[in-house]
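Listed below, chain by chain, are the residues.
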Amino acid sequence: VHLRTIDEAVENYRTLSDQLLKDDLDADSAQGERARAAVAQEIVATKTREFHTLGVVLGARYDNSPIILDDGSAPPAEHYANYQPSAHPGCLAPHAWLDDGSSLYDHLGLGYTLLLLDDSAAVLAQEIEDAASDAGVPLARLDLRGTKLDALYAAPLALIRPDQFVAWRGSDADAEALVRKISGHEYSETRNPEIHSAKLR
C-alpha cells in the first residue's frame, strides 16, 4: 500500500509548478493570451491525475496478508482514478447507506465486526462469535439480513477488521481456525513456536 502511494506521488511530482512557467504569462497582450492557453493545456495534461486519485485513496488493497483469508476470487483492477467497491478480502469494506439513513461505517466497532447478511449463515455467525469470545478477540455481530447487502458483499457473511478492511467473507468456515487466522494467532504461533509452546506449559 505504501509503495503504491509513493509511486503515485512520484508520478504526480514529474511536473512541478516552476516547469510550467513561460514567458509573457502575465502580459496583457495576444502573446500573453497564447502563453496562458498553452500553459492551461499543459496543466490539464500533466496535473489532472494529481487531483483524481480516488482509486489510490479508497482502492488500496492488502494482498498476501497473514491476517486476511483469501477466498480465491479475483480482486478488482487497480487504477489511480477509478475506484471499484469490492468485498474481496483485503479491500476496503464497501460502503452502504442503511434503511434508517445511517452509514454502514457508523456501525463498525473498534474491534472486528461480523456482518450477517443472510439467514443461511446464522449458525456459522454464532460459531464465529463463540470462537472469537473464546480467543479473546473483540468482535461484534451486525445483523443486516434483509438489506440486500449480501449482493454487494457477494457472501452471506463478511468479517471486517477494525481498520474497515475485509478480513474474510464466505458461507463456510472452520470458525476457530478463521478467528485464529484473522487475529494473528496462527501467524504468531507459526513464527514463534517456542514461545507459544512455553505458554501452553
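Quick note: structure is the one above.
So, here is what we can say about the structure in this document. (Residues numbered from 1 in each chain as written. Predicted model: local features only at pLDDT ≥ 70, side-chain atom pairs only at ≥ 80, totals over all residues. Heavy atoms only, no water.)

1. A word on the pattern of salt bridges
Alright, step 1. The final tally for this structure, using the stated rule, is 13 salt bridges.
Alright, step 2. In this structure, Glu78 and Arg61 form a salt bridge, with 3.7 Å as the shortest nitrogen-oxygen distance. Placement of the pair is Glu78 in the loop between helix 3 (54-57) and strand 1 (112-116) and Arg61 in the loop between helix 3 and strand 1, with a sequence separation of 17 residues.
Alright, step 3. Ionic pairing is found between Arg145 and Asp143, a salt bridge with its closest N-O pair at 2.5 Å.
Alright, step 4. Taking relative accessible area as the criterion, Arg145 reaches 34% and is therefore assigned partly exposed.
Alright, step 5. The structure contains a network of salt bridges with shared partners spanning Arg4, Arg61, Asp63 and Glu78. (Salt bridge = Lys/Arg side-chain N within 4 Å of Asp/Glu carboxyl O. Helix = DSSP H or I, 4+ residues; strand = E, 2+ residues; numbered from the N terminus. Buried < 20%, exposed > 50% of the residue type's maximum accessible area, 1.4 Å probe, protein only.)

2. Describing the side chain of Ser65
Alright, step 1. Following the sequence through the fold, Ser65 ends up in the loop between helix 3 and strand 1.
Alright, step 2. On the basis of relative accessible area, Ser65 is assigned to the buried category, the value being 16%.
Alright, step 3. There is a polar contact of 3.2 Å between the side chain of Ser65 and the backbone nitrogen of Ile67.
Alright, step 4. In this structure, Ser65 is in contact with Arg161 and Lys181, ignoring residues within four places of it in sequence. (Polar contact = N/O pair within 3.5 Å; in protein donor to acceptor, adjacent residues only side chain to side chain. Contact = heavy atoms within 4.5 Å.)

3. Describing a nonpolar patch on the surface
Alright, step 1. A cluster of nonpolar side chains, namely Leu3, Ile6 and Val10, defines an oily patch on the protein surface of about 300 Å² accessible area.
Alright, step 2. For Leu3, a relative accessible area of 65% translates into the label exposed. (Patch = residues over 30% accessible without salt bridge, like charges linked within 9 Å, V, L, I, M, F, W, Y side chains within 5 Å. Areas by Shrake-Rupley, 256 points an atom, 1.4 Å probe, with all protein chains shown as cover.)

4. Here's the deal with the pairing of strand 4 (residues 166-170)
When a strand is regular, its side chains alternate between the sheet's two faces.
Alright, step 1. The element strand 4 is largely enclosed, with a buried count of five among its five residues.
Alright, step 2. In terms of strand pairing, strand 3 (residues 157-160) meets strand 4 through four bridges, oriented antiparallel. Within strand 4, the residue paired with Leu159 across the bridge is Trp168.
Alright, step 3. Connecting the antiparallel pair strand 3 and strand 4 is a turn made up of five residues, with Gln164 showing a positive phi of about 75°. (Pairing = 2+ DSSP bridges.)

5. Some words on the sheet that holds strand 3
Alright, step 1. Strand order in this open sheet of four strands is 2-1-3-4, and the pairing throughout is mixed. With partners counted over all chains shown, the strands left at the sheet margins are strand 2 (139-143) and strand 4, one partner each. Going from strand to strand, the sheet's axes swing by 15° on average, the running direction of each strand aside.
Alright, step 2. Contacts from helix 4 (residues 122-135) reach strand 1, strand 2, strand 3 and strand 4, with the element oriented near 160° to strand 2. (Axes fitted to C-alpha atoms, helices over the stretch in contact; angles between N-to-C directions.)

6. Here we look at the nonpolar core
Alright, step 1. In terms of nonpolar packing, the biggest core is built from 18 residues, with Ile128, Leu157, Leu159 and Trp168 touching the most fellow members.
Alright, step 2. Secondary-structure elements contributing two or more residues to this core are strand 1, helix 4, strand 3, strand 4 and helix 6 (175-183).
Alright, step 3. Per-element tally for this core: the top contributor is helix 4, with five residues.
Alright, step 4. Setting aside its immediate chain neighbours within four residues, Ile128 contacts Leu114, Leu139, Leu157, Trp168, Ala175, Leu178 and Val179.
Alright, step 5. The next biggest cluster of nonpolar side chains, apart from the first, holds 15 residues, and it includes Ala87, Leu115, Leu144 and Val166. (Core = buried A, V, L, I, M, F, W, Y, C linked by side-chain atoms within 4.5 Å.)

7. Considering helix 2 (residues 30-47)
Side chains of residues three or four places apart in an α-helix project in the same direction, reflecting 3.6 residues per turn.
Alright, step 1. Here helix 2 is 18 residues long and its end C-alpha atoms lie 25 Å apart, about the 26 Å a rise of 1.5 Å per residue gives.
Alright, step 2. Buried residues along helix 2 sit against helix 1 (2-12). (Expected span 1.5 Å × (residues − 1).)

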